[in-house]
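Notes for the structure review
Residue strings, one per chain:
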Amino acid sequence: MNASLALPMASWPTARKVAAGVFMLVGIAALVVAALYLSGVLFLVFSKANPRLAGWNSILDYWQLYADVPVLRRRLLTAIGMAGFATLIVLPGTLCAASRPRRALHGDARFASTAEVKRAGLLLTDQQVNTPRILIGRFRGHFLALPGQLSVMLSAPTRSGKGVGVVVPNLLNWPDSVVVLDIKGENHAITAGYRTKHQQTVYAFSPFDEEARSHRWNPLTAVRTSPLHRVGDLLGIGQVFYPNDGSGTSSEAFFNDQARNLFLGLGLLLLETPELPRTVGEMLRQSSGQGRPLKEHLNGLINQRKEAGKPFSDECLDALQRLLCNSENTLSSVVATFHAPLTIFADAVVDAATSADDFDLSQLRRQHMSVYVRIPPHRLASARPLLTLFFSQLVSLNTQQLPEHDPSLKYQCLLVNDEFTAMGRVGIITYSAAFLAGYNLRLLTVVQAMSQLDAVYGDKEARTFATNHGLQILFAPREQRDADEYSAMLGHFTERVTSRGRSRSFSGHGHSSVSRNESEQRRSLLLPQEFKELGSERLVVICENCKPILGEKIRYFQDPAFTSRLLPAPEIAVMKMDLHQAKVQQRWRYADDELDAESSTLDVDALVHDIHLPKEAMNGPVDKAADAFLGAFEVAPNDPSSGGSIEPTSDESPSGRTAGTPPDETRELTTLGERS
């Protein structure tokens, strides 16, 4: 807003005060004139004269003429007193009492008008199309959309249009980052093409895809390698798999604590063993003992590292020793508890999809990203631990710094939780819903009914979670309890009812009488049966600081504003399963001395040499980051486990080998593949 518009706006309160003062003075003057005129009329009436002879100031003339006559003086004083009391006291008092709003006996609920909806800021205008707003529906030809930072909850039964009316329209309209729980894969197929075309980097995390088409996300990448942070980061992930929230028995709490300790020990073991993949799947494989009892396997690793002069850190040894000191029976129970939520990582596709990172969840508010989490319905039950970890890490990574403290956090991120309760209990979302808005994270939660939330989270926690959504969209319910609850949410209004009765006498005269009685009755704005009969095209919106809104649903396939945005989704590349299996099984072969450009290619991802670097190593000045990257290829003297080296090529060596280097030594650069 420019300065020329700001000045008049600042002077509006003063102008209103002046106008009110002028109006008050005019009103007082009118009342005084009315009092003078009425007093003249009353004096003529008391004197039995024609009152039509009175003028607005006649009483002043009558006072000058008749004030000295005692009888007429009393009439003058009486007329002036009665007129003054009626016009200057009774009339203003009556007007004030009539203008005072009278509270309805049973309430005054009603649906919002166009002016009220506009005043609430819910009508989408052309000037607001590029601002992050959650689409809700339609209202009298206009789109309804929620601006700001508040979240939205949609309660709608199956096949009632929640996908075509809310989820898909938002994915075709939301300008910032988005993360979608895409149960059937329909949302990606319909909306990914448009988002790809408009400066969005689109990813599809599909860990159960039959063809292994998925982008990858490794939850252990978020674990920092610094000794100050790695234990806390690992315990944070372990808390998701093995919670100690006090909801279980003491026995369950004990084994969860022990399993979380095992998770910490194996996580530190992987951090300190670069030749092993740093994945949850590798944790599962290590916990199996590699064909030996777990205690024997871990003791063997500890002794082997100690003999090689590279012992594990004290933190790692402490965690492993806390496990190994248990009896065999206790240890087997701890391992069973540890395996329970991690069994899905035994699936080769799940293991591959969580073996590396194609996208970074911590960048959602810095870059335009669209992440579709595609889970087939028949794998939902087994996928719950993975989904819980995914969304827990998303919230955790994006609630560490407020946007006002980091200018690079300039985008909002919308979490579209379609079929929210299908994920099971994701405690971090319900706990953090109260403060997510401050971190530019917004929720679009879709449930079939409030009873679903009650079943998963319990009545109190479910109600608290629903309260933390600033707006609720209600479709016509099918279950009576939901209809009763929705009707009560809208409130009641007072309706004046007239009842008539007729009484008849059975005496000989046969008299009859009719009675009529008016009373105020309470009525719901929408009765439960009326809510259930709302229809397939209408919805009700409940928003804070606004009357309920009776609107219409969006049908994206019938609206040209959305049909023009329907584009084919980009194809998702197939993961390199052979390469992944080779890394997991530690299979390798020597690379050829010379690679034929026409028949051979060398993929840097296929190198045995571990070039994975922690994020902190790549932060800071460019020269230090370059040194860290090149240092990953350096080989320590007499260290056969460090992989190969890259050396400059001599001009005198046409074969590509360094001058004076024996042929056998040039075969240190290796690629993964079949066992040689």
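Residues numbered from 1 in each chain as written. Predicted model: local features only at pLDDT ≥ 70, side-chain atom pairs only at ≥ 80, totals over all residues. Heavy atoms only, no water.

A look at the overall build of the chain
- Looking only at helices and strands, one finds 22 helices and 15 strands in the chain.
- Long-range contacts, defined as pairs at least 24 residues apart, comprise 72% of the intrachain contacts of the chain with a sequence gap of at least 6.
- Surface summary for the chain: the accessible area is close to 36300 Å², and the carbon and sulfur share equals 55%. (Helix = DSSP H or I, 4+ residues; strand = E, 2+ residues; numbered from the N terminus. Contact = heavy atoms within 4.5 Å. Areas by Shrake-Rupley, 256 points an atom, 1.4 Å probe, with all protein chains shown as cover.)

Re the nonpolar core
- Counting 96 residues, the largest nonpolar core has Val 179 and Phe 390 as its most contacted members.
- Top contributing element to this core by residue count: helix H14 (residues 380–397), with ten residues.
- When sequence neighbours within four positions are dropped, the list of residues in contact with Val 179 reads Leu 364, Val 371, Val 373, Phe 390, Phe 391, Leu 394, Cys 413, Leu 414, Leu 415 and Val 416.
- Leu 122, Val 152, Phe 475 and Leu 539 belong to the second-largest nonpolar core, a separate cluster that totals 33 residues. (Core = buried A, V, L, I, M, F, W, Y, C linked by side-chain atoms within 4.5 Å. Buried < 20%, exposed > 50% of the residue type's maximum accessible area, 1.4 Å probe, protein only.)

A closer look at the packing of helix H5 (residues 162–171) against helix H6 (residues 186–197)
- At a closest axis distance of 9 Å, the pairing of H5 and H6 adopts a crossing angle of 30°. In terms of axis orientation, H5 runs roughly parallel to H6. On H6, the residues that touch Val 167, Val 168, Asn 170 and Leu 171 of H5 are Asn 187, Ile 190, Thr 191 and Arg 195.
- The residue makeup of the contact of H5 with H6, split by class, is four nonpolar, three polar and one charged. (Axes fitted to C-alpha atoms, helices over the stretch in contact; angles between N-to-C directions. Parallel < 35°, antiparallel > 145°, perpendicular 65-115°, else oblique. Nonpolar A, V, L, I, M, F, W, Y, C, P; charged D, E, K, R; others polar.)

Section: the packing of aromatic side chains
- All told, the structure shown has 21 aromatic pairs when counted by the stated rule.
- Taking 5.6 Å as the distance between ring centres and 80° as the angle between the ring planes, the aromatic pair formed by Tyr 556 and Phe 557 counts as edge-to-face.
- The buried category is assigned to Tyr 556, whose relative accessible area is 11%.
- When its relative accessible area of 46% is taken as the criterion, Phe 557 is described as partly exposed.
- One aromatic cluster in this structure is built from Tyr 203, Phe 205, Trp 217, Phe 359, Phe 390 and Phe 391.
- The ring centre of Phe 143 lies 4.0 Å from the NZ or CZ of Arg 138, which sits over that ring.
- The ring of Phe 475 carries the charged tip of Lys 553 above its face, separated from the ring centre by 4.1 Å. (Phe/Tyr/Trp six-rings, centres within 6.5 Å; stacked < 30°, edge-to-face > 60°. Lys NZ or Arg CZ within 6 Å of the ring centre and 35° of its normal.)

Here we look at the side chain of Arg 442
- Mapping Arg 442 onto the fold places it in strand S8 (residues 441–447).
- One buried charge, Arg 442, has no salt-bridge partner; the nearest side chain with opposite charge is Asp 176, at 8.1 Å.
- A distance of 3.3 Å separates a polar side-chain atom of Arg 442 from the backbone oxygen of Pro 132.
- Reaching out from Arg 442, the side chain makes a polar contact with the backbone oxygen of Leu 150 at a distance of 2.8 Å. (Lys, Arg positive; Asp, Glu negative; His and termini not counted. Salt bridge = Lys/Arg side-chain N within 4 Å of Asp/Glu carboxyl O. Polar contact = N/O pair within 3.5 Å; in protein donor to acceptor, adjacent residues only side chain to side chain.)

Observations regarding helix H17 (residues 459–467)
- Buried within H17 we find Glu 461, Ala 462, Phe 465 and Ala 466. Within H17, the buried residues cover an arc of 135° as seen down the axis, which keeps them to one side. Among the exposed residues of H17, those oriented more than 90 degrees off its buried face are Lys 460 and Thr 467.
- In the core, the buried residues of H17 are packed alongside strand S3 (152–155), helix H15 (427–432), S8 and helix H16 (450–457). (Arc of directions from axis to C-beta.)

Here we look at the confidence of the model for the chain
- Looking at the chain as a whole, the pLDDT averages 83, with 83% of positions reaching at least 70.
- Scored below 50 in pLDDT, residues 1–12 makes two contacts in the model with residues more than four places away or belonging to other chains.
- Below pLDDT 50 for its whole length, residues 635–676 participates in 66 contacts with residues either more than four positions away or in separate chains. (pLDDT = per-residue confidence, 0-100.)

Regarding the state of the cysteines
- With the rule as written, the count across this model stands at zero disulfides.
- Between Cys 546, a cysteine without a disulfide, and Cys 543, which holds the nearest cysteine sulfur, the sulfur-to-sulfur distance is 6.0 Å. (Disulfide = S-S within 2.5 Å.)

Description of the pattern of salt bridges
- Per the counting criterion, the structure on display carries 23 salt bridges.
- Glu 282 serves as the salt-bridge partner of Arg 285, at 2.9 Å between the closest nitrogen and oxygen. Here Arg 285 and its partner Glu 282 are both found in helix H9 (residues 280–287), three residues apart, which amounts to about one turn of the helix.
- Given the relative accessible area of 4%, Glu 282 is considered buried.
- Residues participating in the shared-partner salt-bridge network are Asp 454, Asp 459, Arg 463, Arg 481 and Glu 485.

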